[in-house]
Amino acid sequence: MTDPKNEFKTAQMDDWLRAAQKSAPGGNVEALNWKTPDGISVKPLYTAEDTAKLPFANTLPGFEPFLRGPQATMYAVRPWTIRQYAGFSTAEESNAFYRKALAAGGQGVSVAFDLATHRGYDSDHPRVTGDVGKAGVAIDSVEDMKILFDQIPLDKVSVSMTMNGAVLPVLAGYVVAAEEQGVSQDKLSGTIQNDILKEFMVRNTYIYPPEPSMKIIGDIIEYTAKNMPKFNSISISGYHMQEAGANQALEMAFTLADGKEYVKTAIAKGMDVDEFAGRLSFFWAVGMNFYLEIAKMRAARLLWCRIMKGFDAKKPKSLMLRTHSQTSGWSLTEQDPYNNVVRTTIEAMAAVFGGTQSLHTNSFDEAIALPTEFSSRIARNTQLIIQEETHITNVIDPWAGSYMMESLTQEMADKAWAIIEEVEAMGGMTKAVDSGWAKLKIEAAAAEKQARIDSGKDVIVGVNKYKLAKEDPLDFLDIDNVKVRDGQIDRLKKIRALRDTAKVQAALDALTASAESGQGNLLELSIQAIRLRATVGEVSDALEKVFGRHRADTQKVTGVYAAAYDSAEGWDQLKKEINDFADAKGRRPRVMISKLGQDGHDRGAKVVATAFADLGFDVDMGPLFQTPEECARQAIENDVHAVGVSTLAAGHKTLVPAIIGELKKQGADDIIVFVGGVIPRQDYDFLYEAGVKGIYGPGTPIPASAKDVLEQIKKALG
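It should be emphasised that the depicted structure is a prediction, and the values quoted were computed from it without experimental measurement.

The rules behind each value
Residues numbered from 1 in each chain as written. Predicted model: local features only at pLDDT ≥ 70, side-chain atom pairs only at ≥ 80, totals over all residues. Heavy atoms only, no water. Helix = DSSP H or I, 4+ residues; strand = E, 2+ residues; numbered from the N terminus. Rg over C-alpha atoms; globule rule 2.2 N^0.38 Å. Buried < 20%, exposed > 50% of the residue type's maximum accessible area, 1.4 Å probe, protein only. Contact = heavy atoms within 4.5 Å. Lys, Arg positive; Asp, Glu negative; His and termini not counted. Charge placed at Lys NZ, Arg CZ, Asp CG, Glu CD. Axes fitted to C-alpha atoms, helices over the stretch in contact; angles between N-to-C directions. Parallel < 35°, antiparallel > 145°, perpendicular 65-115°, else oblique. Left-handed = near helix turned anticlockwise from the far one by under 90°. Nonpolar A, V, L, I, M, F, W, Y, C, P; charged D, E, K, R; others polar. Salt bridge = Lys/Arg side-chain N within 4 Å of Asp/Glu carboxyl O. Phe/Tyr/Trp six-rings, centres within 6.5 Å; stacked < 30°, edge-to-face > 60°. Lys NZ or Arg CZ within 6 Å of the ring centre and 35° of its normal. Pairing = 2+ DSSP bridges. pLDDT = per-residue confidence, 0-100.

Let us look at the overall build of the protein chain. Summing up its helical and strand segments, the protein chain has 30 helices and 16 strands in all. Taken over the C-alpha trace, the protein chain has a radius of gyration of 26 Å; the compact-globule value for 718 residues is 27 Å, and the two agree within 12%. Dimensions of the protein chain, computed from C-alpha atoms along their principal axes, come out at roughly 85 × 70 × 50 Å. The proportion of buried residues among the 718 residues of the protein chain is 60%. The contacts in the protein chain between residues at least 6 apart in sequence include a share of 79% that link residues at least 24 apart. Each charge class in the protein chain was averaged separately, 81 positive and 95 negative side chains, and the resulting centres sit 2 Å apart.

Structure below.
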């Protein structure tokens, strides 16, 4: 920290310095500095000198560069939209939830689709037996979509859909469902996520490779600009980057760089920037780093205005960044879960102070299972209380003029801009994603964060400090995956029996021909196919014939976890035990970290792989989207001692017994299986009875799980 005597020329500064030195550790005022994960040094005291030279500290909301908000009056006239992001296995159950939420104060519908739908598979596909209806609603055709929005007037209720891979058939299904409800396309309002670049970095619910995926995005921007003027054609998402481990500066920089790439794509199609830019929107994660989250959202508006001016955008709506926000799912803890109500409230406040246009608040039980109706009501009421009881909405940008917040906003902007310039030097975000550089940057940040938690440097109340002696069980929502899938298959059979097969095939052939030639608009052709009752899987397959299905590299970072964990108690001893094992057995303990089914959330898997490797294990990473059969085969071929299954999407009761069964079937029941991730404690006995040797839920320190895995391997070897 710069000596305040030199930095602040105020009459009382010397007095403050002397007072601070009395309290500071060792009399060192610099020790009071807070170093953020983004590398910004935050001082304990800011004064008017810190903001005197800032270029945008005295701007107004609703005017360039929109730092203080995209609208002039913000919440003083209209509060943010309250959304509930949800999907409950079937269209019928999800529809019932949406209607209750709207009646109870919700102001928009946000749809969570299951992983089979995300990845463009119909529910009867053999690769998705454990995924149908487990982490969202299963949608196979427009008939499902019609049920999803039954009695929800789509000309009045805005709909947000988190969909990227199968974006064409899903958006087409929404359009056709609205048509058959009597609502024309020009009346539809809402947002489709349609942000594929971040999928290649973090979330992994892609289908096609980057280049054809960008073609799809361009076609959607083009079609919606012409036919759906009230609908946002893309929601450029940083949310999943932060959930995967990115700090706030990385999240902001990569998201804005993605947005820049999408604008280039649309312009390359011959569109004028002001024709479509006003319908672009963003999506931020809001975590527990309170000050940084507010500064991030203010800085992002500043930088987006700068970026769009670089494209010679003229209209104010083209220059303003509008955003949806969602409280963090990663910050939620399985341990002492009612603490999550407090965490979500703090995060919601940060989103509001940052100036979000809509907000979803996560339920307190989402670190354990899908939210219940009870927990969803608390999450929704959190927003209603902020809107109705606090008077926060009466003041526009209440942090304006704060010495600290204005300074931090500028530092966040500078930090993110440096990263954006680094991306541009690589040739843009598509190239940064293709090279794997962007993904590895996020994974390194995730490994560093986990090491700080596991070593106790970062406190998580109820997890690594102030822990409960005994955890009480919670009620949780359990989905009967088999029942849901059987119901979806029956509906698929009926649709296929009643439709005109020849017309459907002709529409699908037209899609394939367009993909081959590059002529025509893929969304327009998808709408035509969906009207004829083509399914999500069939539309996806028609394009896959030309585009292929993307396969990701399984790189992992090394050394980051060990460096951040430092020499915390037990680390060196565990490394010695692993070395002793290698000396005794002639090779190191070898584990394979696997993701089964269509769950692409691989933060946990990558961090565990990194930490185990830093400890001295030989670590193999299985490719994403493996079946149990494929996983067992690779484990045997690689001669591993153990398979670790990382699960986040509630498929553990189907997929984990399946991998154990496959290992036995292929004559390798000496390979032990352990499981980590989001698993309700009520399911632990089921998994142990199935043959699992270790279960490590959220909050388990990785060195503790590594030690247990080592002991289990020793035990299996005798």
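As for its position among the elements, Pro703 is in helix α30 (residues 702–717). Residue Pro703 is classed as buried on the basis of its relative accessible area, which comes to 12%. Taking the C-alpha atoms as reference, Pro703 lies 9.4 Å from Val608; in sequence the two are 95 residues apart. Discounting residues that sit within four places of it in the chain, Pro703 has contacts with Asp454, Tyr561, Tyr565, Trp571 and Leu574.

A separate point is the packing of helix α27 (residues 628–637) against helix α28 (residues 652–665). Taken N-terminus to C-terminus, the directions of α27 and α28 make an angle of 45 degrees; their axes are 8 Å apart at the nearest point. In terms of orientation, α27 and α28 fall into the oblique class. The way α27 lies across α28 gives a crossing that is right-handed. In contact with Pro628, Glu629, Cys631, Ala632, Ala635 and Ile636 of α27, α28 contributes Leu655, Ala658, Ile659, Glu662 and Leu663. Of the residues contributing to the contact of α27 with α28, the split by class is nine nonpolar, no polar and two charged.

Counted according to the given criterion, the structure contains 50 salt bridges. Across the pair Lys269 and Glu222 runs a salt bridge, and its minimum N-O distance is 3.8 Å. Residue Lys269 is found in the loop between α11 (248–268) and α12 (273–276), and its partner Glu222 is found in helix α9 (residues 210–227); the two are separated by 47 residues along the sequence. Taking relative accessible area as the criterion, Lys269 reaches 31% and is therefore assigned partly exposed. Asp397 is the salt-bridge partner of Arg298, the closest N and O atoms lying 2.9 Å from each other. Here Asp397 lies in the loop between α16 (373–389) and α17 (403–426) and Arg298 lies in helix α13 (residues 290–310), a separation of 99 residues in the sequence. Each member of the pair, Arg298 as well as Asp397, is classed as buried. One network of salt bridges, in which partners are shared, links Asp122, Asp124, Arg496, Arg499 and Glu538.

One pass over the full model with this rule turns up 24 aromatic pairs. Taking the centre distance of 5.7 Å and the plane angle of 20 degrees together, the rings of Tyr561 and Tyr565 count as stacked. One end of the pair, Tyr561, and the other, Tyr565, are both in helix α24 (residues 560–565), four residues apart, so they sit about a helical turn from each other. Given the relative accessible area of 0%, Tyr561 is considered buried. Overall, the relative accessible area of 5% leaves Tyr565 in the buried class. Through a chain of ring-to-ring contacts, three or more aromatic side chains come together here, namely Phe290, Tyr291, Phe353 and Trp399. The ring centre of Tyr46 lies 4.8 Å from the NZ or CZ of Lys43, which sits over that ring. We note Arg119 situated over the ring of Phe625; from NZ or CZ to the ring centre the distance is 3.4 Å.

Taking burial as the measure, the seven residues of strand β9 (residues 280–286) include seven buried ones, the bulk of the element. The pairing of strand β8 (residues 234–237) with β9 spans four bridges and is parallel. The residue of β9 that forms the bridge with Ser237 is Phe283. For β9 and strand β10 (residues 323–327), the ladder comprises five bridges, and the chain directions are parallel.

Here we take up unusual backbone geometry. The residue after Glu64, namely Pro65, is reached through a cis peptide bond having omega 5 degrees. Position of Pro65 relative to the elements: it lies in the loop between α3 (48–51) and β3 (81–86). Unlike most non-glycine residues, Asn194 shows phi in positive territory, near 55 degrees. By secondary structure assignment, the location of Asn194 is in the loop between β6 (190–192) and α8 (197–203).

Our focus in this paragraph is the pairing of strand β13 (residues 618–621). As judged from the four bridges shared by strand β12 (residues 590–594) and β13, these two strands associate in the parallel manner. Bridging across to β13, Val591 finds its partner in Val619.

Moving on: the confidence of the model for the protein chain. When pLDDT is averaged along the protein chain, the result is 91; 97% of the residues meet or exceed 70. Taken together, the stretch residues 4–8 has pLDDT below 50 and engages in 15 contacts with residues farther than four places along the chain or on a different chain.

With that settled, consider the side chain of Thr81. Note on placement: Thr81 falls in strand β3. Classification of Thr81 by relative accessible area gives buried; the value is 13%. Sequence-distant contacts of Thr81, that is, excluding residues within four places in its chain, are made with Gln107, Gly108, Gln357, Ser358, Leu359 and Gln383.

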